[in-house]
Amino acid sequence: MRRVLTYGTYDLLHWGHIRLLQRAKDLGDYLIVALSTDEFNELKPGKKPSYHSYEVRKMMLESIRFVDMVVPETSWSQKVNDVHDLDIDMVVMGSDWEGSPRFEHLRDHCELVYLPRTEGTSTSQIRRDLLFEAIQYKAEAEAEEQGHKRQETARFAPIRDDQPHFPPPPRQ
């Protein structure tokens, strides 16, 4: 049995993640995902906190048919131990990690494969799109609220002396 291991946070799970997991599984018989814990993510410089907790992300990954097992990733240094303890034949990562010393040293312990990223999707892009939508939504809500205030202001504007208060009474 050929055992494959991949690492990741898998927050805001999207079709690029699914495609990576499917391609990783196609390279072996048993796919293990080492899922970054919330505590480990907090230690990564520049990493934003995950939207979903570790337990929720783990549950989502376990429900994907390509994933056979999910284990916690708690540090950068655990990878060699994971390869030996989990009897791994191959580590698969997205091409954005290609050449990284975080993974290259694994070549001495197993096969290392980098898969091309799925064009057109990324967690960072999803976050940017959602932020842009939120900003637009807020601006529209504020504009609508301002429009209502202007209407209310017009209805309840103080009466000026140079304007008639009511239409003139009918002549008899």
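Residues numbered from 1 in each chain as written. Predicted model: local features only at pLDDT ≥ 70, side-chain atom pairs only at ≥ 80, totals over all residues. Heavy atoms only, no water.

## Quick notes on the overall build of the chain
Of the regular secondary structure elements, the chain holds six helices and five strands. When the helices and strands of the chain are read in sequence order from the N terminus, they spell out β-α-β-α-α-β-α-β-α-β-α. Per-residue burial for the chain yields a buried fraction of 37% across its 172 residues. Here the contacts in the chain between residues at least 6 apart in sequence split such that 65% fall between residues at least 24 apart. Summed over all atoms, the accessible surface of the chain reaches about 11600 Å², with 54% contributed by carbon and sulfur. (Helix = DSSP H or I, 4+ residues; strand = E, 2+ residues; numbered from the N terminus. Buried < 20%, exposed > 50% of the residue type's maximum accessible area, 1.4 Å probe, protein only. Contact = heavy atoms within 4.5 Å. Areas by Shrake-Rupley, 256 points an atom, 1.4 Å probe, with all protein chains shown as cover.)

## Brief notes about the sheet that holds strand β5 (residues 111-115)
Adjacent strands of a sheet form backbone hydrogen bonds with each other and so pair up, either parallel or antiparallel. Reading across from one edge, β3-β2-β1-β4-β5 is the order of the five strands in this open sheet, with parallel pairing throughout. For this open sheet the edge positions go to β3 (69-73) and β5, each flanked by a neighbour on one side alone. The average undirected angle you get between the axes of adjacent strands in this sheet is 25 degrees. Note that strand β1 (residues 3-8) and strand β4 (residues 90-94) share two bridges and pair parallel. Within β4, the residue paired with V4 across the bridge is M90. (Pairing = 2+ DSSP bridges. Axes fitted to C-alpha atoms, helices over the stretch in contact; angles between N-to-C directions.)

## What to know about the packing of aromatic side chains
Evaluated as defined, the whole model comprises four aromatic pairs. A centroid spacing of 5.9 Å and a plane angle of 55 degrees characterise the contact between Y7 and F103, whose relative ring orientation is tilted. With a gap of 96 residues between them, Y7 in strand β1 and F103 in helix α5 (residues 101-104) connect regions that are remote in the sequence. Here Y7 matches F103 in class, with each residue buried. Taken together, a centroid distance of 5.2 Å and an interplanar angle of 70 degrees make the contact between W97 and F103 edge-to-face. For W97, a relative accessible area of 28% corresponds to the partly exposed category. (Phe/Tyr/Trp six-rings, centres within 6.5 Å; stacked < 30°, edge-to-face > 60°.)

## Here we look at the confidence of the model for the chain
For the chain, the average pLDDT comes to 84, and 81% of its residues sit at 70 or higher. By mean pLDDT, the top-scoring element of the chain is β3 (98), and the lowest-scoring one is helix α6 (residues 123-155) (71). (pLDDT = per-residue confidence, 0-100.)

## Side note on the pairing of strand β2 (residues 30-36)
Burial analysis of β2 places six of its seven residues in the buried class, which makes it a mostly covered element. Bridge count between β1 and β2: six bridges; the pairing is parallel. The partner of R3 across the bridge, within β2, is Y30. After leaving β1, the chain enters helix α1 (residues 15-26) and then returns to the sheet as β2, a path that is right-handed. Here five bridges tie β2 to β3, and the two strands are oriented parallel to one another. If you follow A34 over to β3, its bridge partner there is V71. (Right-handed = clockwise from strand over helix to strand, strands pointing away.)

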